[in-house]
Amino acid sequence: MFVRTGSGSVCPQRGYGAEMAYLDVATAAPLHPVARQALLAALDDGWADPGKLYTQARRARQLLDAARATLAELVGVRAEHLILTPSGTTAATLAVHGGLIGRRRYGTTVVHSAIEHSAVLHAIGEHGVAVPVDRTGRLDLDAWRDAFAAPGVALAALISASHEVGTVQPVEAAVEAASVAGVPLYVDAAQSVGWAPVPGEWSLLSASARKWGGPAGVGILAVRPGTRWTTPYPDNQREYGSLDLPSVVAAAASLRAVRAAAGRDAARLRTVVDLIRDRVSATVPDVEVVGDPVDRLPHLMTFSCLYVDGEALLHALDRRGFAVSSGSSCTSATLRPSHVLEAMGVLSHGNVRVSLPRDIADEEVHRFLAELPGVVAGLRAEAGVTGL
Amino acid sequence: VTPEVLDCRGQRCPLPVIALAKRLPDLPVGALLRVLADDPAAAVDIPAWCRMRSQEYAGSPAESAYDVVRLR
């Protein structure tokens, strides 16, 4: 049905053991081999401060310039419009805060989808107006357009594709509606940038290298020319403090590598996710597979199992060698259900998000599909809810 | 009409939904069951359960209270 294209995560040198299937790349992808190679080379070659004038510094400067040019090209801006940050969260915060400062003459409101990443919601704070999504997790464009009729809108924020359910958002139409109102749009592209550039005339874009197989600790913020965006850092600095240059180099190299293979990888993972969606629906009773079945990220799917405790399900899957994530309240620090599942109006307990590495082996997928129904049935039997 | 009340306060999800699923079949078709649940997930999961089970979610008359009508 689909072909195994890589070594698979049964490979012990990837660091999670012979029987551990890692199915949570939407949180952090394992380091891409190209990133590892670039990182090791840059540790030897790019340790100097690129701002100095001696030979070692010039070498570091060359590496930085090349990495920035690569990242900029792949997100669709010129190098001078790409800001490097110490994390994706920092980039998201910088996008929102800089956007609010740049547009403070016009207002303080941020119009955003109800399914933004919590990092973006935290940056928006009290200034937000949340626009609803439908049952599949897609932005309600009519409500989005209406939100710009109110006075004082400084900024719009939209995730390119949901990090929890995978549904792709109508970024181009959303940009159009915002620009009619003269409002710049910030797009959080963390989940999609490894697959393709974000279409449309967005003004600000952020992403995080660890989501595409680069190292943790590298975020990017693209600021299109003409955008009213003002850095919140002292002395009008756009980048603040020393960059981790070897990690930046590795981030750029791995983004180029994953983009080069994106067409093939996406086509394969789409068939894998289709299979998982079909099999989970067919073999697990009382399950709700959520998110758009077609217009979605290639590598991610989400489902909720009625009457099952999400934390218990995560632990049971972990014991069988499957690392997954959950939007259920019992798995969150706040004991609140995922705001994304809440906004969609879908079941929040017993929730599992599966996000696939690009080299996931067919065997691992089949093992997951073979074991899941028994795991869920076992938990239901334990809780005495069978047949409800 | 005083509705039947199912008190699930202090219970974490999915327990209130499980209690609802166990209690509703005891009531006649057309009956209203008021579920009291202070776990924030109940606000999402009780309407979702009604949709999945083709029962009627009749809204939240007060904070931490959710009305369900047995349809079948």
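This text follows the structure it describes.
Treat the numbers as computed from the prediction; the structure is a model and nothing was measured.

**Details of the layout of surface pockets**
Empty space left among the atoms is revealed by rolling a probe the size of a water molecule over them.
All names here are of chain A.
No. 1: For the largest pocket, the calculated volume is near 990 Å³.
No. 2: Taken together, 42 residues form the lining of the largest pocket, with His-117, Ser-118, Ala-119, His-163 and Glu-164 sitting closest to its centre.
No. 3: Listed by contribution, the elements that provide at least two residues to the lining of the largest pocket are α3 (88–102), α4 (118–124), β6 (185–188), β7 (204–208) and β12 (351–355).
No. 4: Of the residues forming the lining of the largest pocket, the biggest block, 5 residues, is contributed by α4.
No. 5: Classifying every residue of the lining of the largest pocket gives 14 nonpolar, 22 polar and 6 charged.

**With respect to the interface of chain B and chain A**
No. 1: Listed as interface residues are 17 residues of chain B and, on the opposing side, 22 residues of chain A.
No. 2: Between chain B and chain A the total buried area reaches about 1,700 Å² when both faces are included, carbon and sulfur atoms providing 61% of it.
No. 3: When the buried surface of chain B facing chain A is broken down by residue, Val-44, Arg-51 and Met-52 of chain B rank first, second and third, together holding 30% of it.
No. 4: For the interface between chain B and chain A, the tally reads 2 salt bridges.

**Here we look at the packing of aromatic side chains**
When we look at a pair of aromatic rings, we describe it by the centre distance and by the angle of the planes.
All names here are of chain A.
No. 1: One pass over the full model with this rule turns up 3 aromatic pairs over all chains.
No. 2: Where Tyr-233 meets Tyr-240, the ring centres are 4.8 Å apart and the plane angle is 10°; that geometry is what we call stacked.
No. 3: Among the residues examined, Tyr-240 registers a relative accessible area of 45% and is labelled partly exposed.
No. 4: For Arg-103, the ring lying beneath its charged end belongs to Tyr-106, and the centroid distance is 4.3 Å.
No. 5: Looking at Arg-358, its charged tip hangs above the ring of Trp-195, at a distance of 3.8 Å from the centre.

**Notes on the sheet that holds β6 of chain A**
Residues and elements named next belong to chain A.
No. 1: In space, the 7 strands of this open sheet follow the order β2-β8-β7-β6-β5-β3-β4, with mixed pairing throughout. Where the open sheet ends on each side, the last strands, each with one partner, are β2 (82–85) and β4 (128–131). Averaged over all neighbouring strand pairs, the angle between strand axes comes to 20°, with direction disregarded.
No. 2: Summarising the sheet, strand β5 (residues 153–159) and β6 pair through 4 bridges and their orientation is parallel. Bridging from a neighbouring strand, Ala-156 pairs with Leu-185 of β6.

**Regarding empty space enclosed by the protein**
Residue and element names in this part refer to chain A.
No. 1: Applying the stated criterion to the full structure yields 1 cavity of 30 Å³ or more.
No. 2: Taken as a whole, the largest cavity spans an internal volume of roughly 40 Å³.
No. 3: When residues in the lining of the largest cavity are grouped by element, the largest group, 3 residues, is from helix α11 (residues 362–383).
No. 4: Among the residues forming the lining of the largest cavity, the class breakdown is 7 nonpolar, no polar and 1 charged.

**Considerations on the pattern of salt bridges**
Residues and elements named next belong to chain A.
No. 1: Under the definition given, this model contains 21 salt bridges over all chains.
No. 2: Salt-bridge contacts for Asp-142 lead to Arg-145; the nearest nitrogen and oxygen are separated by 3.1 Å. Of this pair, Asp-142 and Arg-145 both sit in helix α5 (residues 141–147), 3 residues apart, roughly one helical turn.
No. 3: With a relative accessible area of 54%, Asp-142 lands in the exposed category.
No. 4: Under the relative-accessibility criterion, Arg-145 is labelled partly exposed at 41%.
No. 5: Where Arg-320 meets Glu-371, a salt bridge forms, and the shortest distance between an N and an O atom there is 3.8 Å.

Quick notes on the rules
Residues numbered from 1 in each chain as written. Chains lettered and ligands numbered in written order. Predicted model: local features only at pLDDT ≥ 70, side-chain atom pairs only at ≥ 80, totals over all residues. Heavy atoms only, no water. 1 Å grid on protein atoms, 1.4 Å probe; cavity = no way out; pocket = protein on both sides within 12 Å on 5 of 7 lines; lining within 4 Å. Points joined across faces, edges and corners; volume = space filled by probe spheres on them. Helix = DSSP H or I, 4+ residues; strand = E, 2+ residues; numbered from the N terminus. Nonpolar A, V, L, I, M, F, W, Y, C, P; charged D, E, K, R; others polar. Contact = heavy atoms within 4.5 Å. Buried area = accessible area lost by both parts, 1.4 Å probe. Salt bridge = Lys/Arg side-chain N within 4 Å of Asp/Glu carboxyl O. Phe/Tyr/Trp six-rings, centres within 6.5 Å; stacked < 30°, edge-to-face > 60°. Buried < 20%, exposed > 50% of the residue type's maximum accessible area, 1.4 Å probe, protein only. Lys NZ or Arg CZ within 6 Å of the ring centre and 35° of its normal. Pairing = 2+ DSSP bridges. Axes fitted to C-alpha atoms, helices over the stretch in contact; angles between N-to-C directions.

Without other data, these values stay purely geometric and don't point to any function.
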